[in-house]
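Fold and contact review
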Amino acid sequence: MTEQTQNSSSNQQLKRVLKLKDLAIYGIAFMTPIAPAYIYGSASATTGGTLAMAYLIAMVAMLFTATSYGKMAGAFPVAGSTYSYTQKGINHHLGFFAGWAIYLDYVLVPLIVFITGALYANAAVPEVPFFVWVLIIAGVVTVVNCIGVQMAAKTNLILVAVMGAIVVMFIMVCAKAVMGGAGEGVLISSRPFYNPELTNINVLVAGGALACFSFLGFDSITTMAEEAIEPKKDIGRAAIIACVAGGTIFIIQAYVAQLVWPDYTTFESADTALFEVAQLAGGTLMSGLYTFAVILSTFTAGIAGQSSAARLMYGMGRDEVLPKKFFTYLHPKYQTPIFNILIMCVVGIVGSLVLDLTLVCELMNFGGLFGFMCVNLSVIVYFFFRKKERNVIKYLILPGLGFIICCYLWLNLSRLSFIVGFSWLLIGFIFAAVSTKGFKIKPKIYEE
């Protein structure tokens, strides 16, 4: 099976080189094993010190959606992810809006990690200005992605392995500190999952919605469908593996951190809460290693985020909802959508220098959960109604639960995220209305 892609000079195609292991690592790299470091302080306050339970709720919610992504990837193993699945499964124009929303998610991941990485690198080496660190991180990420997915896969594998080792060390150090009398003083406790004074349905929903931030990215695996060796079999499996593996890592980190530091109201800075935990549990060495792991995460998540956004634009360009000649151009040697990658580099740099980190995090949840709802709905419409598949559990109940859970979490996002998020969708609506002459022209659909 061969997919042909026209660029300005010749017929080219994306290379099928990624195995199940590469795809799973790609998703975990996007999510990043050290993701709790980004939200632990504020999330602990929101959940009353039960972030472990919030992560468990979010993981279960995301598993329904991961299953839906797998079903759609099996039916349509093409680049474009959420955009392609919604377009082919439901409606051409809704597909554009799903892609437009999830694009916001993919764009913002590099922004968050560029900002965070540059902040910590600047703190470690203040002689080098913040904006220079942003340029360094963006430059490395862009070069790796321009060279190709094999280079990106190998780089992510190494960096994720290093991060994973540091996270395991953090967990062990925290466990040792607790057994030595620190914090709760016991390793088995229900406290990280239940706070009798604060836990209620509103707290659980708010915590789950916030914890979803750490899971946004497992879906990026589906953007690599045309570079996977066996996409129909491996894409869905990789999404579930990444979701479960990432969720387990997040839950354990939140669990041991809560045991080490029971009073979540006493952190000096919510933004660096886990580093204070690492300092208490393992001293300067552990906190230094944890900081190093955060900086590494800027490369893994940056590589995956930038690559996913570039391939989403590639899919939309091939269907001519974006200018085809430009957005489907592949580098003659590396066969990568180089113009799209360079656009993402510029967007990441500019956004890192002008946008607020809190707003960026909230907007990620808006775009990600909106896209997830569309994919769950796509499974129901395409398989249950169009294909007349009558496995009620597989094609109606499971994706239906995924849709309902994501919708409920989405509706509980902040007012500010809705204002900015719907403004983004309005821009997309105007663009789509103009480009399709009032939605009278259907965009072309790429067929394998």
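Numbering of residues begins from 1 in every chain and follows the order in which that chain's sequence is written. Under the rules for a predicted model, residues below a pLDDT of 70 receive no local features and side-chain atom pairs below 80 are neither given nor counted, while totals for whole chains, interfaces and linings still include all residues. Values reported for side chains reflect all heavy atoms of the structure, with hydrogen atoms and water molecules removed beforehand.

1. Details of the overall build of the chain
Formally: Numbered from the N terminus, helices here are DSSP runs of H or I no shorter than four residues, and strands are runs of E no shorter than two. The globule rule used here is 2.2 Å times the number of residues to the 0.38 power, and the radius of gyration it is set against is calculated over C-alpha atoms. Per-residue accessibility, obtained with a 1.4 Å probe over protein chains only, is compared with the maximum for each type, and a residue is labelled buried under 20%, exposed over 50%, and partly exposed between these values. Working rule for contacts: check all heavy atoms of both residues, and any pair within 4.5 Å makes them a contact.
Counting secondary structure elements, the chain contains 15 helices and two strands. Over its C-alpha atoms the chain spans a radius of gyration of 21 Å, differing by no more than 12% from the 22 Å that the globule rule assigns to 448 residues. Structurally, the chain occupies a C-alpha span of about 65 × 50 × 40 Å along its principal axes. Expressed as a percentage of its 448 residues, the buried residues of the chain come to 59%. For the chain, contacts bridging at least 24 residues in sequence account for 81% of all contacts bridging at least 6.

2. Concerning the packing of aromatic side chains
Test applied: Any Phe, Tyr or Trp ring, taking Trp's six-membered ring, that has another such ring centre within 6.5 Å forms a pair; planes under 30 degrees apart are called stacked, those over 60 apart edge-to-face, and the others tilted. Whether a charge lies above a ring is judged from NZ of Lys or CZ of Arg, which has to be within 6 Å of the ring centre and within 35 degrees of the ring normal.
Taken as a whole and judged by the stated rule, the model has 30 aromatic pairs. Taking the centre distance of 5.7 Å and the plane angle of 90° together, the rings of Phe366 and Phe418 count as edge-to-face. Note that Phe366 is positioned in helix α13 (residues 357-386) and Phe418 in helix α15 (residues 415-435), a separation of 52 residues in sequence. As far as the burial class goes, Phe366 and Phe418 line up, both buried. The residue whose ring lies beneath Arg390 is Phe384, and the NZ or CZ to ring-centre distance is 4.5 Å.

3. What to know about the pattern of salt bridges
This is how the line gets drawn: Definition used for salt bridges: Asp or Glu carboxyl oxygen within 4 Å of a side-chain nitrogen of Lys or Arg.
Throughout the structure, instances matching the rule amount to two salt bridges. As a salt-bridge pair, Lys233 and Glu230 come within 3.5 Å of each other at their nearest N and O atoms. Judged by relative accessible area, Lys233 falls into the partly exposed class, the value being 44%. Residues Arg237 and Asp234 are paired through a salt bridge, measuring 3.4 Å at the closest nitrogen-oxygen approach. A residue pair is termed a helical-turn pair when its members lie 3 or 4 positions apart in one helix, as Arg237 and Asp234 do in helix α9 (residues 231-260) at three residues. The class of Arg237 is partly exposed, set by a relative accessible area of 40%.

4. With respect to the environment of Asp234
Residue classification places Asp234 among the buried residues on the basis of a relative accessible area of 6%. Sequence spacing of Asp234 and Phe96 is 138 residues, and the spatial spacing of their C-alpha atoms is 25 Å. When near neighbours in sequence (up to four residues on either side) are disregarded, Asp234 contacts Lys19, Leu20 and Leu23.

5. Quick word on helix α4 (residues 82-89)
Three or four residues apart is the spacing at which side chains of an α-helix point the same way, because the helix has 3.6 residues per turn. Summarising burial for α4: eight of the eight residues are buried, a large majority. Those residues of α4 lying buried are Thr82, Tyr83, Ser84, Tyr85, Thr86, Gln87, Lys88 and Gly89.

6. Regarding the nonpolar core
Note the cut-off: Buried Ala, Val, Leu, Ile, Met, Phe, Trp, Tyr and Cys residues form a nonpolar core when they are joined through side-chain atoms within 4.5 Å.
Grouped together as the largest cluster of nonpolar side chains are 145 residues, with contacts concentrated most on Met62 and Phe170. When residues of this core are assigned to their parent elements, the largest contribution, 20 residues, is made by helix α10 (residues 273-318). By size, the runner-up hydrophobic cluster in this structure holds five residues, among which are Cys146, Tyr329, Ile338 and Ile341.

7. Considering the packing of helix α1 (residues 20-31) against α9
Here is the rule we go by: Helix axes are fitted to C-alpha atoms over the stretch in contact, other axes to C-alpha atoms as well, and angles between N-to-C directions run from 0 to 180 degrees. Should an angle lie under 35 degrees it is considered roughly parallel, over 145 roughly antiparallel, and from 65 to 115 roughly perpendicular; all remaining angles are considered oblique. For any pair of crossing helices, the crossing counts as left-handed if the nearer helix is rotated counterclockwise from the farther one by less than a right angle, and right-handed if it is rotated clockwise. Gly is placed with the polar residues, together with every amino acid not listed as nonpolar (Ala, Val, Leu, Ile, Met, Phe, Trp, Tyr, Cys and Pro) or charged (Asp, Glu, Lys and Arg).
At a minimum axis distance of 8 Å, the contact between α1 and α9 shows a crossing angle of 40°. What the angle tells us is that α1 and α9 run oblique. Considering only the axes of α1 and α9, their crossing is right-handed. Counted together, Leu20, Leu23, Ala24, Gly27, Ile28 and Met31 of α1 and Asp234, Ile235, Arg237, Ala238, Ile241, Ala242, Cys243, Ala245, Gly246 and Phe250 of α9 form the full contact between these two elements. The residue inventory of the contact of α1 with α9, partitioned by class, reads twelve nonpolar, two polar and two charged.

8. Considering the confidence of the model for the chain
Parts of the prediction with low pLDDT should not have their coordinates interpreted in detail. What counts is decided by this rule: pLDDT measures how confident the predictor is about each residue, on a scale from 0 to 100.
The predicted model of the chain averages 83 in pLDDT, with 93% of residues at 70 or higher. The lowest-confidence element of the chain is strand β1 (residues 5-6), averaging 40 in pLDDT; the highest-confidence one is helix α14 (residues 392-411), averaging 91.

9. Thoughts on unusual backbone geometry
A positive phi angle, near 70°, is found at Thr32, a position not held by glycine. Of note, Thr32 is situated in the loop between α1 and α2 (36-47). You will see that Lys388, though not glycine, has its phi angle at about 60°, which is positive. One can find Lys388 in the loop between α13 and α14. By relative accessible area, Lys388 is classed as exposed at 53%.

10. Some thoughts on the environment of Lys394
Along the chain, Lys394 falls in helix α14. For Lys394, a relative accessible area of 37% translates into the label partly exposed. Linking Lys394 and Phe215, residues 179 residues apart in sequence, is a C-alpha distance of 23 Å. The residues contacting Lys394, other than those within four sequence positions of it, are Lys71 and Pro399.

11. Describing empty space enclosed by the protein
Operational definition: Lining residues are defined by having an atom within 4 Å of a point belonging to a cavity or pocket. Those points lie on a 1 Å grid over the protein atoms alone, cavities being sets where a 1.4 Å probe fits but cannot get out and pockets being open sets with protein on both sides within 12 Å along at least five of seven lines. Grid points are joined across faces, edges and corners, and a volume is the space filled by probe spheres set on the points.
Evaluation of the coordinates by the stated rule reveals three cavities of 30 Å³ or more. For the largest cavity, the calculated volume is near 110 Å³. Every residue lining the largest cavity is counted, 13 residues in all, and those nearest its centre are Phe30, Met31, Thr32, Val109 and Phe213. When contributions to the lining of the largest cavity are tallied by element, the ones reaching two or more residues are α1, α5 (92-124) and α8 (201-215). Broken down by element, the residue count for the lining of the largest cavity peaks at three residues, all from α5. Each residue belonging to the lining of the largest cavity can be placed in one class, and the counts come to eleven nonpolar, two polar and no charged. Approximately 60 Å³ is the volume attributed to the second largest cavity. In this structure, the second largest cavity is lined by ten residues; those nearest its centre are His93, Phe96, Val321, Ala432 and Thr436.

12. Some details on a nonpolar patch on the surface
For clarity, the threshold we go by: Candidate patch residues must exceed 30% relative accessible area and have no salt bridge, after which like charges are joined if within 9 Å and Val, Leu, Ile, Met, Phe, Trp or Tyr side chains if within 5 Å. Methods summary: accessible areas were calculated by the Shrake-Rupley approach with a probe of 1.4 Å, and residue burial reflects only the protein chains presented.
A grouping of Phe131, Leu135, Val346, Val350, Leu353, Val354 and Leu355 is seen on the molecular surface, where their side chains present a nonpolar patch of about 630 Å² in accessible area. Those elements giving two or more residues to the nonpolar patch turn out to be α6 (130-147) and α12 (338-354). With four residues, α12 is the largest single contributor of residues to the nonpolar patch. By the secondary structure assignment, Leu135 is in helix α6.

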